[in-house]
Amino acid sequence: MKPLPKVLPLERPYWEHAKAHRLALQRCARCSQYRFPASPVCPECNSEQSEWTPTSGRGELVSWVIFHKSYFRSFDSDLPYNVALIRLDEGPVMCANVVGIDNQALAMGMRLKACFDDINDEFSILRFQPE
Ligand SMILES: [Zn+2]
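Structural notes, computed from the coordinates. Predicted, not measured: the structure shown is a model, and the values here were computed from it.

Here's the deal with the pattern of salt bridges
Link 1 in the chain: One pass over the structure, following the stated rule, counts five salt bridges.
Link 2 in the chain: For Asp-89, the salt bridge is made with Arg-111, and the minimal N-O distance between the two is 2.9 Å. On the criterion of sequence distance, the pair formed by Asp-89 in the loop between strand S5 (81-88) and strand S6 (93-98) and Arg-111 in strand S7 (residues 111-118) is long-range, its members being 22 residues apart.
Link 3 in the chain: Here Asp-117 ties to Arg-127 by a salt bridge, and the two come within 2.9 Å at their closest N and O atoms.

Some details on the coordination of the zinc ion
Link 1 in the chain: The protein atoms donating to the zinc ion are Cys-28 (SG), Cys-31 (SG), Cys-42 (SG) and Cys-45 (SG), with metal-donor distances spanning 2.3 Å.
Link 2 in the chain: Relative to the metal, the four donor atoms surrounding the zinc ion lie at angles of 101 to 118°, and the coordination shape comes out tetrahedral.
Link 3 in the chain: Here the donor residues of the zinc ion share one chain and are spaced in sequence as C-x2-C-x10-C-x2-C. Placement of the pair is Cys-28 in strand S1 (residues 24-28) and Cys-45 in the loop between strand S2 (34-35) and strand S3 (50-54), with a sequence separation of 17 residues.
Link 4 in the chain: A relative accessible area of 19% means that Cys-45 is categorised as buried.

Concerning unusual backbone geometry
Link 1 in the chain: For the bond from Phe-36 to Pro-37, the omega torsion is 0°, close enough to zero to count as cis.
Link 2 in the chain: Within the element layout of this structure, Pro-37 appears in the loop between S2 and S3.
Link 3 in the chain: Here the residue pair Leu-79 and Pro-80 is connected by a cis peptide bond, since its omega of -15° sits within 30 degrees of zero.
Link 4 in the chain: Along the chain, the position of Pro-80 falls in the loop between strand S4 (58-67) and S5.

Considering the sheet that holds S2
Link 1 in the chain: Pairing is antiparallel in the open sheet, where three strands are placed in the order S2-S1-S3. One side of each edge strand has no neighbouring strand; the edge strands of this open sheet are S2 and S3.
Link 2 in the chain: Inspection of the sheet shows S1 paired to S2 by two bridges, in the antiparallel sense. Within the sheet, the bridge partner assigned to Gln-26 lies in S2 and is Arg-35.
Link 3 in the chain: Against the sheet, helix H1 (residues 12-19) touches S1 and S3, its axis set at about 20° to S3.

A short note on the layout of surface pockets
Link 1 in the chain: Counted as a void, the largest pocket has a volume near 1000 Å³.
Link 2 in the chain: Phe-75, Asn-97, Ile-125, Leu-126 and Arg-127 are the residues nearest the centre of the largest pocket, which is lined by 33 residues in total.
Link 3 in the chain: Every element with two or more residues in the lining of the largest pocket is listed here: H1, S5, S6 and strand S8 (124-130).
Link 4 in the chain: Of the residues forming the lining of the largest pocket, the biggest block, five residues, is contributed by S6.

Rules of the game
Residues numbered from 1 in each chain as written. Predicted model: local features only at pLDDT ≥ 70, side-chain atom pairs only at ≥ 80, totals over all residues. Heavy atoms only, no water. Salt bridge = Lys/Arg side-chain N within 4 Å of Asp/Glu carboxyl O. Helix = DSSP H or I, 4+ residues; strand = E, 2+ residues; numbered from the N terminus. Donors = N, O, S within 2.8 Å, 3.2 Å for Na, K, Ca; no water. Tetrahedral: all angles 85-135°; square planar, octahedral: opposite > 155°, others 65-115°. Buried < 20%, exposed > 50% of the residue type's maximum accessible area, 1.4 Å probe, protein only. Pairing = 2+ DSSP bridges. Contact = heavy atoms within 4.5 Å. Axes fitted to C-alpha atoms, helices over the stretch in contact; angles between N-to-C directions. 1 Å grid on protein atoms, 1.4 Å probe; cavity = no way out; pocket = protein on both sides within 12 Å on 5 of 7 lines; lining within 4 Å. Points joined across faces, edges and corners; volume = space filled by probe spheres on them.

Coordinates in, geometry out; function isn't part of it.
So this is what it looks like as structure tokens:
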């Protein structure tokens, strides 16, 4: 079994939205900037007011690596797998696997959209796939 996320109270809304297959992030109620990871204060304007807001779920591939070695036995059958950075159209950069495409076909700047894997009753894990 793969390790499960350890959820901080501040991040709980993220996981609730993910369960409903929405990629939601904190959005500052003062300056409207989206932010990730979750934080109690806006890094742009220091406001403590924010709202969990669904994003477009769309963005572009800005970096990735291919894992050929397994660090958890439960990932053995996934090798080789990618771990990528995706810059959302709203600005924040997310870390996720890109699925639905061969690793060799990954390309800088390619358009991606969020999708979710329901791994159990509690968690749906963010992935991205070609738009
Ligand atoms: Zn702000």
